Amino acid sequence: MNITEIAQKDRNAVLHPFTQLKDFATGKLGDPTIVETGKGIRIQDAYGKQLIDGFAGLYCVNVGYGRTEVADAISRQAHRLAYYHSYAAHTTDELAILSDRLVKMAPGKMSKVFYGMSGSDANETQAKLVWYYNNLRGKPTKKKIISRERGYHGCSVVSGSMTGMSFYHDHMDLPFSQIVHTGVPHYYWGATPGETEIEFSARRAEELDELIERLGPDNVGAFIAEPVLGTGGITPPPKGYWQAIQPVLRKHDVLLIADEVITGFGRTGSMFGSLHYGIEPDLITVAKGLTSAYFPLSAAIVGEKVYQVMEDGADRVGAFSHGYTYSGHPIGAAAANAVLDIVETEDLPGNAREVGAFFQDLMKEKFSQLPIVGEVRGVGLMGAVEFVADRDHRKRFDPALKVGARISKAARDRGLIARAMPHGDILGFAPPLVATKSEIEEIVAIAEAAVRAVL
Ligand code: PLP
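Residues numbered from 1 in each chain as written. Predicted model: local features only at pLDDT ≥ 70, side-chain atom pairs only at ≥ 80, totals over all residues.

1. A short note on the sheet that holds strand S10 (residues 298-303)
Then comes step 1: If you walk across this open sheet you meet the seven strands as S4-S10-S9-S8-S7-S5-S6, and the pairing is mixed. The sheet is open, and its two borders are formed by strand S4 (110-116) and strand S6 (179-182), each paired with just one other strand. For this sheet, the mean angle separating the axes of adjacent strands, direction not counted, is 20°.
Then comes step 2: Where helix H6 (residues 119-136) meets the sheet, its contacts fall on S4, strand S5 (144-148), strand S7 (220-225), strand S8 (255-259), strand S9 (283-286) and S10, and the angle it forms with S10 comes to roughly 25°. (Pairing = 2+ DSSP bridges. Helix = DSSP H or I, 4+ residues; strand = E, 2+ residues; numbered from the N terminus. Axes fitted to C-alpha atoms, helices over the stretch in contact; angles between N-to-C directions. Contact = placed C-beta atoms within 7 Å.)

2. Some details on the domain arrangement of the chain
Then comes step 1: Per the domain assignment, the segments of the chain are domain 1 (33-63 + 347-454) and domain 2 (69-345).
Then comes step 2: Taking only C-alpha atoms into account, the centre of domain 1 sits 26 Å from that of domain 2.
Then comes step 3: Contacts between domain 1 and domain 2 engage 29 residues on the former and 27 residues on the latter.
Then comes step 4: Only helix H3 (56-59), helix H14 (348-367), strand S11 (373-379), strand S12 (382-387) and strand S15 (426-429) provide two or more residues apiece to the side of domain 1 that touches domain 2.
Then comes step 5: Broken down by class, the residue content of the side of domain 1 that touches domain 2 amounts to 16 nonpolar, 10 polar and three charged. (Domains from an automatic or database assignment. Nonpolar A, V, L, I, M, F, W, Y, C, P; charged D, E, K, R; others polar.)

3. Here's the deal with the nonpolar core
Then comes step 1: Ranked by internal contacts, the top residues of the largest apolar core, which has 118 residues, are Leu-283, Ala-299, Ile-301, Ala-335, Val-339 and Ala-447.
Then comes step 2: Two domains share this core, each providing at least three of its residues, namely domain 1 (33-63 + 347-454) and domain 2 (69-345).
Then comes step 3: Those residues within four positions of Leu-283 in sequence are excluded, and the remaining contacts are Gln-126, Leu-129, Leu-255, Ile-257, Ala-300, Ile-301, Val-302, Gly-303 and Val-306. (Core = buried A, V, L, I, M, F, W, Y, C linked by C-beta atoms within 7 Å. Buried ≥ 20, exposed ≤ 12 C-beta atoms within 10 Å, placed from the backbone.)

Spelled out as structure tokens, the structure:
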């Protein structure tokens with residue numbers, strides 16, 4: 001089938017996520033990009049045009065494209081046993097091995113792993129676990145879950161409500177009433193004049209404390225957050241943030257869910273964002289990097305404290321009645337084991353630390369002096385450049401000017417995918433964790449040319 005026919009079929013029949021439907025239908029967005037192959041940090045479209053993927057798909061292809069070790073593991077498992085479920089104590093060798101591995105490598109005191117297919121459904125599971133846990137221990141009102149403005153946790157009903165950016169679900173009857181939001185820890189925009197990062201973090205923790213008091217500690221079950229805010233603008237926490245937040249949660253007996261969907265498996269330069277920032281979660285959400293997106297697989301990793309209550313309550317309530325047809329899919333487990341082998345043997349957290357430090361320095365060197373750049377930020381191999389109309393007075397551009405989107409497009413025209421983040425004028429980077437220093441130089445050079453073209 002030729003390219004025109006494929007494009008036509010796509011326009012006729014695919015409902016694309018996060019796409020302006022009218023602009024796509026009428027051709028204003030151009031033809032769909034038909035992505036055909038990928039190798040290392042690059043993808044190639046149907047016309048043979050190569051693009052550097054500076055965003056690892058959607059921060060997920062951490063081991064890079066075209067890894068035959070992973071493809072072979074998937075093929076072997078599909079030939080041997082394509083599927084069996086994990087209900088009622090059925091398992092496969094790959095699933096048992098993966099789960100043991102995750103419990104041992106995850107931060108905090110973890111006990112069990114529950115599997116899904118996406119970060120969204122894993123966070124949906126986390127909410128149900130919080131409610132189940134509190135019902136079983138006789139605290140049936142302790143149900144509200146606090147997340148942060150600009151946090152991203154998915155787009156299903158509960159996870160979408162946790163997502164603190166309303167434009168993701170305007171007109172879709174979210175948020176769900178048990179979800180409440182608290183302030184985003186973004187020092188650049190949120191600090192008052194003269195406030196230090198530590199003071200700002202303490203203020204955010206006090207606000208959280210006040211919010212829990214206002215809602216009533218007996219009504220608050222959990223706090224969910226990304227160790228590093230991702231889709232809300234790739235924003236590392238200010239100094240002292242996690243150290244200030246965690247005592248508030250402990251004081252009020254509120255569970256901490258670390259959403260490690262982006263930060264899990266090396267992106268920050270540590271195996272988990274929680275390890276990087278000294279976070280001790282009760283529940284951990286992972287997806288994306290777990291299989292480097294070679295197969296859809298996510299997990300809710302359950303800490304001992306929560307699991308023990310579930311086990312102790314089983315005689316009273318019967319079976320744990322939650323699960324998907326594809327929970328613990330053997331091909332997903334085989335893919336994850338092959339990916340984690342690469343993550344460990346190639347020390348991808350170490351590469352993200354070393355090449356990431358080079359990347360952060362280079363971004364600062366190339367961008368921070370430009371007149372339209374307000375902040376350059378990041379950690380490991382995730383970073384962002386935020387553009388402002390007035391650096392001295394920290395004023396945003398008029399959104400109608402679409403500065404971020406124009407810069408992202410200019411980068412793409414020059415062969416680089418760097419994402420215009422949905423909130424503000426922000427160019428985001430999250431290349432595969434196998435990126436080398438010379439590939440980072442290429443990425444930053446193209447991004448600099450793109451910024452200068454729009455300046
Ligand atoms: N949590 C975080 C931190 C994410 O970044 C995402 C997706 O970007 C999700 C959850 C949702 O994952 P999915 O798109 O696989 O449902």
